[in-house]
Each structure stands twice: as structure tokens, then as C-alpha cells.
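Coordinate inspection notes
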Amino acid sequence: MSEESTERLLRSDDPEPIRFLNAEGGYAPSATAAEYAAELEGVGVDDFSQWYRDMVTTRAFDTECTHLQRQGQLALWVPSVGQEGCQVGLVRASEPQDHIFPAYREHLVAHVRGVDLLDIAAQFRGVTHGGWDITDPANGNVHLYTLVLGSQTQHATGHALGQVLDAKRRAGSTALDAGEPGTPTGEATMVFYGDGTTSQGDPNEAMIFAASYRTPEVFVVQNNGWAISVPVARQSRTPLYRRALGFGLRAVQIDGNDPLAAFAVGRRFLRLAREGHGPGYIEALTYRIGAHTTADDPTRYRPEGELETWRLRDPIARLEAHLRELGVDDAFFAEVAETADRKAKTVRDQILTLPKPQPESMFAHVYADPHPRIDEQRAWFAEYESSFEGGDA
């Protein structure tokens, strides 16, 4: 996002994005941050150190996967470099009972909630249907990645309505009367998507539904400035968070490269959702340092100088500066870097030895029950395979 584009999004009558750390990592809260400062009480250097480790670990893994794709070992890779600050703050603000619906670059979110980094990579190698088992408690209620833009917003809203209905049933009520107050659920749903997806129908329909039924939900838009090659200024003449206000959601704009801001606002919004106060919307202003995917070349459309401007706001560098301000020494940063590099290389080696799926697996889980069309396709494929020299009947 260019400086000019940023100016278009920050009108004079819009409040300043919520921020606790300035671009250099110094603690310098914006005026808009005061309302959320209490959310950081009890959160200190140990927490920030873990957040830093989360970000560095994910970026090292991310970098290895980019290299693997360039070497032909992954079909595609979706980098998240530059967007780790928003992700770490929001996921660390969530509670274990909350459910997460990602798009396809929320590698840090999935990792922190318990998804194995190898499982994230496996889907991009094309050896698994989805990557991980969402019913396994070890995966932290993280639902599967989706490449169908915006569909996860409706999945999330449907799930959040289920949370409302379950809470009502526990209380002995199933009514969904228009205008009734929200229902405390004790759990929330958080859904991630990008600025380009806001132009799709699905997220707008999801917001209508969420507002109407006061679902315990938080919509997170990681506004990284570009929907592949289309700048956000082309997509919207107003800041994206204003759209959510029109649907009746509480909505704010935050500095998406500030983990403290993401945590504070995410914690507040998730708590309000669990307590029955309805859905919220967070527009996180961030930037993807790399390409949209490894099939993209951003040098063909991003203006000269924009990348370097945003590199100076790198969320990892900002949090490192803050930690140093709090007294953390060189030994910690060296250990984190070495551990992250070792882990990333271990995962890389594991990726290269992932077993190939059996052809039969493509017919699994298409329908809940046996289906004649699947039986026909399975038989056709077996005959096709056996037609090759050395093929198995």
C-alpha cells in the first residue's frame, strides 16, 4: 500500500488506527489506544517474548516453504511474511474453546493453536485433502484453509450461530426472535480474510447474518494493501471497517503490524462476543512483504519504494525493539533465531519424505454414505491405471 493509498484510507474524520508501538518499536500509544490499555494489564515481557518466538519460528518456516516451492517440491506457497504481528496478537488473545476459521496464509495462527507445521505444508505439497484433522483437540479448533475466497466467512457465521443455539438449548430456550438481546455462549468464533475478499458477496452476507442473530464472532480483515494486483484504494473509497459499521457490527481499524494493538482489541472483541454482545470487525492495516502467492510477481504492479517503506515497519523488528527496551538481551534473540532455523530445516526435511497418497484416497469423504457415482468413478480409475504398462489392476 503506497503512502497515497494509505492517505485515502485514513480520512480526516476517521480516528487514528489503534496502536501501542510506534514504527520503531517504542511504546507510544495512539490516543485511540487508551480505551484498550486495560486489556494489556498482566501481559508482560514473558508474553511478548513468546509472541516474538512465535513470529520468528513461523517466518523461518515460511521462508523454507518458499524455497521448496521454487525447487518444485510444493505446488504453491502462500507467504505470510510481514503479517505476523496481527496474527500473533489475535491468536494469543483467543481462548482454547474459541474456534478459528482461517483463509490460507494464517500459518502463525494455526501453529500457535497446535497445528503441526508439517500438516500446514502437506496440503501445499498436494498429499492431503485438508492438512489436519479439525476434530483432533491437538489442533486447537482451527478449521481448514480455504482457497475459495470468502467461503470461510459463511462457514464461521454458521458455526457461530450453532454456538448461540447450543447456549440457548442449555438454557432451555430455542427462540430466535428478531431484536432479542444476545446470548452469552462462553466461546467465540474468529474468521480471517484479506482486503480483496471484502469485495466478494460471501463476507457481506455473513456480516448481515451475524448482525441479525448476534453471533459470537470476530471478523478479521488483514488489509495488506493489494488483492493480488488490485490496490485496496480501487476496491473501496472508504476504510473497510466503515462497511462493517453499516451492517451493525462494532468495528475498528488497528495498526496490524503492532502485536500489542492486535492483542488488546482482539481480547476485548472476543470477550464481548462470548458474553453475548454480538459480532465485531477488526481491520488490521498491514503489508505482505512477499508475493500474494509464489505464482505472483508483485514487482510488476507495486510502486517503487513502497516495499522498503513497509520493511521499516516489520512487526518482528518492532517487537524486538520493544523487548530490548524492556531489558531483554542479545542471548535471547540469538537463541530464538537458532531454534527457529533448526525447526524450519527439520520440517523441510520432513516435507521431502512425506508419503505419496494412495489413489483410493481421492474417493474418500466425498459423501457421508456409499454413492453409486463414486463407485463408478473408482472402477473407471482402476481400469485406467491398469491400462498403462506395469499398471495395477
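Note that the structure is predicted; figures quoted are calculated from it, not measured.

Ranked by internal contacts, the top residues of the largest apolar core, which has 70 residues, are Ile18, Phe20, Tyr52 and Ile120. Ignoring sequence-local partners within four residues, the contact set of Phe20 consists of Gly26, Tyr27, Ala28, Pro29, Ala33, Tyr36, Ala37, Leu40, Asp258, Leu260, Ala261 and Ala264.

This brings us to the packing of aromatic side chains. Where two aromatic rings form a pair, the distance of their centres and the angle of their planes describe that pair. Scanning the model with the defined rule gives 16 aromatic pairs in all. Site record: aromatic cluster; members linked through ring pairs are Phe61, Trp77, Phe124, Trp132 and Tyr145. The lysine or arginine in question, Arg250, covers the ring of Phe269, its NZ or CZ lying 5.8 Å from the ring centre. Across from the ring centre of Trp310, 4.4 Å away, lies the NZ or CZ of Arg313, which sits over that ring.

Another point: the UniProt feature "domain: Dehydrogenase E1 component" (unreviewed entry) in the chain. Residues annotated by UniProt as "domain: Dehydrogenase E1 component" (unreviewed entry) correspond here to residues 53–346. Counted over residues 53–346, helix gives 47% and strand 11%. Its end C-alpha atoms are 17 Å apart.

Our next topic: the packing of helix α3 (residues 84–93) against helix α10 (residues 259–274). One way to put it is that α3 packs onto α10 with a least axis distance of 7 Å and a crossing angle of 35°. As α3 packs across α10, the resulting crossing turns out to be right-handed. Residues Gly85, Cys86, Val88, Gly89, Leu90, Arg92 and Ala93 of α3 lie in contact with α10, whose contacting residues are Pro259, Ala262, Phe263, Gly266, Arg267, Leu270 and Arg274. Looking at the contact of α3 with α10 residue by residue, the class counts come to eight nonpolar, three polar and three charged.

Split into domains, the chain comes out as domain 1 (20–357) and domain 2 (359–392). Taking the mean C-alpha position of each, domain 1 and domain 2 sit 38 Å from one another.

A few words now on the environment of Arg313. Turning to its location among the elements, Arg313 is positioned in the loop between α11 (306–311) and α12 (315–325). With a relative accessible area of 23%, Arg313 lands in the partly exposed category. Through-space distance from the C-alpha of Arg313 to that of Ala33 is 18 Å; in sequence the pair is 280 residues apart.

The subject of this paragraph is the sheet that holds strand β3 (residues 217–223). Strand order in this open sheet of five strands is β1-β2-β3-β7-β6, and the pairing throughout is parallel. Every other strand in the sheet has two partners, leaving β1 (99–101) and β6 (250–255) as the edge strands with one partner each. Strand-to-strand twist across the sheet, computed as the mean angle between neighbouring axes with direction ignored, equals 20°.

Once that is clear, we can look at the pairing of strand β7 (residues 280–285). Of all six residues in β7, six are buried; the element is thus mostly enclosed. Neither face of β7 is exposed, since Gly280, Ile282 and Ala284 on one face and Tyr281, Glu283 and Leu285 on the opposite face are all buried. Relative to β7, β3 runs parallel, the two sharing six bridges. When the sheet's bridge partners are listed, Asn223 is paired in β7 with Leu285. Bridge count for β6 against β7 is six bridges, and the pairing is parallel. Residue Ile254 lies in a different strand from β7, and its bridge partner there is Ala284. Between β6 and its parallel partner β7, the chain crosses via α10, and the hand of that crossover is right-handed.

Attention shifts here to the side chain of Asp195. The topology assignment puts Asp195 in the loop between β2 (189–194) and α7 (201–213). No salt bridge is formed by the buried Asp195, whose closest oppositely charged neighbour, Arg288, lies at an N-O distance of 6.9 Å. A distance of 3.1 Å separates the side chain of Asp195 from the backbone nitrogen of Asn224, its partner in a polar contact. Sequence-distant contacts of Asp195, that is, excluding residues within four places in its chain, are made with Val221, Gln222, Asn223, Asn224, Gly225, Trp226, Ala227, Val232, Gln235 and Leu240.

Moving on, we get to a nonpolar patch on the surface. There is a patch of nonpolar side chains on the surface, built from Leu176, Phe209 and Tyr213 and spanning about 240 Å² of accessible area. Relative to the assigned elements, Phe209 resides in helix α7.

The rules behind the values
Residues numbered from 1 in each chain as written. Predicted model: local features only at pLDDT ≥ 70, side-chain atom pairs only at ≥ 80, totals over all residues. Heavy atoms only, no water. Core = buried A, V, L, I, M, F, W, Y, C linked by side-chain atoms within 4.5 Å. Buried < 20%, exposed > 50% of the residue type's maximum accessible area, 1.4 Å probe, protein only. Contact = heavy atoms within 4.5 Å. Phe/Tyr/Trp six-rings, centres within 6.5 Å; stacked < 30°, edge-to-face > 60°. Lys NZ or Arg CZ within 6 Å of the ring centre and 35° of its normal. UniProt positions renumbered as here; feature names shortened; annotations may be inferred. Helix = DSSP H or I, 4+ residues; strand = E, 2+ residues; numbered from the N terminus. Axes fitted to C-alpha atoms, helices over the stretch in contact; angles between N-to-C directions. Left-handed = near helix turned anticlockwise from the far one by under 90°. Nonpolar A, V, L, I, M, F, W, Y, C, P; charged D, E, K, R; others polar. Domains from an automatic or database assignment. Pairing = 2+ DSSP bridges. Right-handed = clockwise from strand over helix to strand, strands pointing away. Lys, Arg positive; Asp, Glu negative; His and termini not counted. Salt bridge = Lys/Arg side-chain N within 4 Å of Asp/Glu carboxyl O. Polar contact = N/O pair within 3.5 Å; in protein donor to acceptor, adjacent residues only side chain to side chain. Patch = residues over 30% accessible without salt bridge, like charges linked within 9 Å, V, L, I, M, F, W, Y side chains within 5 Å. Areas by Shrake-Rupley, 256 points an atom, 1.4 Å probe, with all protein chains shown as cover.

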